[in-house]
Amino acid sequence: MAATSVHQGNPPAALETPKIAVQDLNLWYGSFHALKNVRVDVLPRKITAFIGPSGCGKSTVLRTFNRMNDLIKGVRVTGKVLIDDHNIYEEDTDLIRLRKRVGMVFQRPNPFPISVFENVAYGPRIHGETRRRRLEELVEKSLRATALWDDLKDRLSTPALGLSPEQQQRLCLSRLLAVEPDVLLMDEPCSALDPIATARIEELAVELSKDFTIVIVTHNMQQAARISHVTAFFLLGELLECGETSQIFTNPKNEKTEQYITGRFG
Amino acid sequence: MNRRWIDLFSRLFTLLTALACFSLVAGVALILGDVVLNGLKHLSWEFVSTAPKTGMTEGGIFPALFGTVFLVLLMTVAVVPLGVSTAIYLQEYAPAGSRWVKLIRMAIQNLAGVPAIVFGLFGLGFFVDFVGKGIDRFFFDGALTFGQPAILWASLTLALLTLPTVVVATEETLRVVPRSHREVAYSLGATRWQMVRRVVLPQAVNGILTGTILAVSRGAGEVAPILFTGAAYYLPYLPTHLNQQFMVLNYHVYVMATQSPDVDATLPLLYSTVLVLLMLTFALNFAAIIIRSRLRRRLKAGR
Ligand SMILES: Nc1ncnc2c1ncn2[C@@H]1O[C@H](COP(=O)(O)OP(=O)(O)OP(=O)(O)O)[C@@H](O)[C@H]1O
Ligand SMILES: [Mg+2]
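Description of the structure in this document. Remember, it's a predicted structure, so these values are computed and weren't measured experimentally.

## With respect to the overall build of chain B
Consideration 1: Secondary structure assignment for chain B yields 11 helices and 2 strands.
Consideration 2: Listing each helix as α and each strand as β along chain B from the N terminus yields α-α-β-β-α-α-α-α-α-α-α-α-α.
Consideration 3: In terms of principal-axis extent, the alpha carbons of chain B reach across some 80 × 70 × 40 Å.
Consideration 4: Considering only intrachain contacts with a sequence separation of at least 6, the fraction spanning at least 24 residues in chain B is 72%.
Consideration 5: As displayed, chain B has an accessible area near 16,500 Å², and 70% of this comes from carbon and sulfur atoms.
Consideration 6: Charge separation in chain B, taken as the distance between the mean sites of 24 positive and 14 negative side-chain charges, equals 18 Å.

## Points about the sheet that holds strand β7 (residues 183-187) of chain A
Residues and elements named next belong to chain A.
Consideration 1: Sheet architecture is open: 6 strands sit in the order β6-β7-β8-β3-β9-β10, paired in mixed fashion. Bordering the open sheet on either side are β6 (102-105) and β10 (238-244), each of which pairs with just one other strand. Adjacent strand axes in the sheet meet at a mean angle of 20 degrees when their direction is disregarded.
Consideration 2: Bridge analysis of β6 against β7 gives 4 bridges, and the strand direction is parallel.

## Quick look at the environment of B:Leu214
All names here are of chain B.
Consideration 1: Positionally, leucine 214 belongs in helix α8 (residues 192-221).
Consideration 2: Assessed through its relative accessible area of 26%, leucine 214 is described here as partly exposed.
Consideration 3: Expressed as a C-alpha distance, the spacing of leucine 214 and aspartate 136, which sit 78 residues apart in the sequence, is 34 Å.
Consideration 4: Excluding anything up to four places from it in sequence, leucine 214 contacts Thr165, Asn285, Ala288 and Arg292.

## A short note on the state of the cysteines
Consideration 1: On inspection of all chains with the given rule, the structure shows 0 disulfides over all chains.
Consideration 2: Lacking any disulfide linkage, A:Cys190 is separated from the closest cysteine sulfur, that of A:Cys172, by 12 Å.

## Some details on the pattern of salt bridges
Residues and elements named next belong to chain A.
Consideration 1: Throughout the structure, instances matching the rule amount to 26 salt bridges over all chains.
Consideration 2: Salt-bridge contacts for glutamate 180 lead to arginine 134; the nearest nitrogen and oxygen are separated by 3.9 Å. Here glutamate 180 is found in the loop between α6 (165-177) and β7, whereas its partner arginine 134 is found in helix α4 (residues 132-145), with 46 residues between them in sequence.
Consideration 3: One connected set of salt bridges, linked through shared partners, spans Arg133, Arg134, Glu137, Lys141 and Glu180.

## Quick notes on the interface of chain B and chain A
Consideration 1: Counting residues at the interface gives 18 residues for chain B and 23 residues for chain A.
Consideration 2: When the two sides are added together, the surface that chain B and chain A hide from each other amounts to roughly 1,700 Å², 66% of it contributed by carbon and sulfur.
Consideration 3: Scanning the region where chain B abuts chain A turns up 1 salt bridge.
Consideration 4: The partner of B:Glu183 in a salt bridge is A:Arg63, with the nearest N and O atoms 3.3 Å apart.
Consideration 5: Counting across the chain B and chain A interface gives 4 residue pairs in polar contact (both at pLDDT 80 or more).
Consideration 6: The set of elements that each furnish at least two residues to the side of chain B that touches chain A consists of α7 (179-187) and α8 of chain B.
Consideration 7: Looking at side-chain class alone, the side of chain B that touches chain A contains 8 nonpolar, 8 polar and 2 charged residues.

## Remarks on the site of ligand 1
Residue and element names in this part refer to chain A.
Consideration 1: The environment of ligand 1 is made up of 13 residues, and the closest members are Ser54, Lys58, Ser59, Thr60 and His219.
Consideration 2: Interatomic distance of 3.5 Å between a side-chain N/O atom of tyrosine 29 and a nitrogen atom of ligand 1.
Consideration 3: At a separation of 3.0 Å, an oxygen atom of ligand 1 approaches a polar backbone atom of glycine 57.
Consideration 4: Coverage of ligand 1 by the protein amounts to 64% of the 630 Å² it exposes when considered alone.
Consideration 5: For the shell around ligand 1, the secondary-structure elements that each account for two or more residues are β2 (32-42) and α1 (58-64).
Consideration 6: In terms of residues, the shell around ligand 1 owes the most to one element, α1, which gives 3 residues.

Rules used throughout
Residues numbered from 1 in each chain as written. Chains lettered and ligands numbered in written order. Predicted model: local features only at pLDDT ≥ 70, side-chain atom pairs only at ≥ 80, totals over all residues. Heavy atoms only, no water. Helix = DSSP H or I, 4+ residues; strand = E, 2+ residues; numbered from the N terminus. Contact = heavy atoms within 4.5 Å. Areas by Shrake-Rupley, 256 points an atom, 1.4 Å probe, with all protein chains shown as cover. Lys, Arg positive; Asp, Glu negative; His and termini not counted. Charge placed at Lys NZ, Arg CZ, Asp CG, Glu CD. Pairing = 2+ DSSP bridges. Axes fitted to C-alpha atoms, helices over the stretch in contact; angles between N-to-C directions. Buried < 20%, exposed > 50% of the residue type's maximum accessible area, 1.4 Å probe, protein only. Disulfide = S-S within 2.5 Å. Salt bridge = Lys/Arg side-chain N within 4 Å of Asp/Glu carboxyl O. Buried area = accessible area lost by both parts, 1.4 Å probe. Polar contact = N/O pair within 3.5 Å; in protein donor to acceptor, adjacent residues only side chain to side chain. Nonpolar A, V, L, I, M, F, W, Y, C, P; charged D, E, K, R; others polar. Near = heavy atom within 4 Å.

The structure is reproduced here in structure tokens:
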């Protein structure tokens, strides 16, 4: 299949090999057909935004990238999700390695009710890191990457639940970075934050996109427009349009896309 | 009925319910007052640290106290791992809502409803006669070693009795560990066991502890299950092996109350023994309540 990077909308200008290529992805929750023939590419070290009205399947697509849907009973998937050219729905996929490479931050900040340090060290520990020195290095590196280090370096042993929501969300990002993934999935990471915190997390996402491939689900059109390079618009389980963000927001091909981004439904 | 009657009736009803409540409180206060006032008279260090003498009309309760602690410790060692693993299996591993799980839950609930004396008989039939005698036959050439009432069998019987307490309390706390924490653990690449071990269990410690204390306090109070499985009327020595019989506080109370050669001489000792037993149980229950309320507060703060 040479034509794997064909888009239903305009292909992004750069013809890079995609980090993630979704091909004819179908997903059922029991008998409910939640994703229908979705094809979408995610470019490496770019931010890809998934937009669309509530219930259109954005989170579901996102959760196929690290196979978190496997945890839900009655989910059935057909089609392919290629990450670095390997279909992760192949039988031989090592889920632990996959999830180490493809990490996720969630809608609500959800640090564990333990100390800041232990939160960040959690991932490395489950992957077998026991050396204290190495753990300390990783914690510092990960906290620096989310600009938390200066604030928290003297409070590493305080409970994570005492932090502000923004700090908690940053901490969750640090916890994720500590396992050294290369794809970051963010499912409405700012929806529990105030506008100022949101702006700062957006800045952080842009900063991180220099090193990581980022997919972000958002309900916030401005957010998608501000930070993403590529935008994909979903409706009722289908990918309606995908293209460079500037094109989607100024010159959408699909009538429905236009209606959605101009706020006429959703 | 006109208004006045309704009014009168409602007042009468208020009075009746208040009276019911009052009589309950008064009853408890009377019993407690009686035990405390009379029990304190004879309570001393010597009383809790010496053995009964001259047919329980003199001396103390040390062997019974020792036996109770030993028994309950053994029971805890048996019931906590079993109960906690059962709860973990039911909550974390077993497919949710399956028939199999429902059956196990039902079995556990029914276990909680079985009268204690039935556990005693079961313990005698199963542990003493079947397991114990079996061990004797295979390992001791039939010489009577484990095939008799003993502290091991009594504690296992109690463990069975208190199993539902531990399972239910543990399941309850496992259930309140937020789903999102499990998801995070998986999304970081944790296996199920790593998720349980490092995310769920640390947050469930309090609940497990509460369950354990409640089980211990129940275990320290029940006589029926140990009656045929190991409790002794009087022993001139302390149990040092698992296959020995033992004295225990609650049974000692019963023995003192019914078998004493001199009722009047035993009575003060009896009061003090009951007081010690009550204090032990209250202290344990109180600890459980404190831990539980702390847990609740922490959960609220965490939401
Ligand atoms: N566990 C589940 N079981 C059954 N149906 C589900 C499940 N999760 C999601 N769905 C359904 O699948 C569809 C897509 O859900 P999804 O959560 O992916 O939407 P979304 O675009 O992320 O919505 P939102 O913007 O509200 O987060 C919805 O109709 C939803 O009801
Ligand atoms: Mg969603």
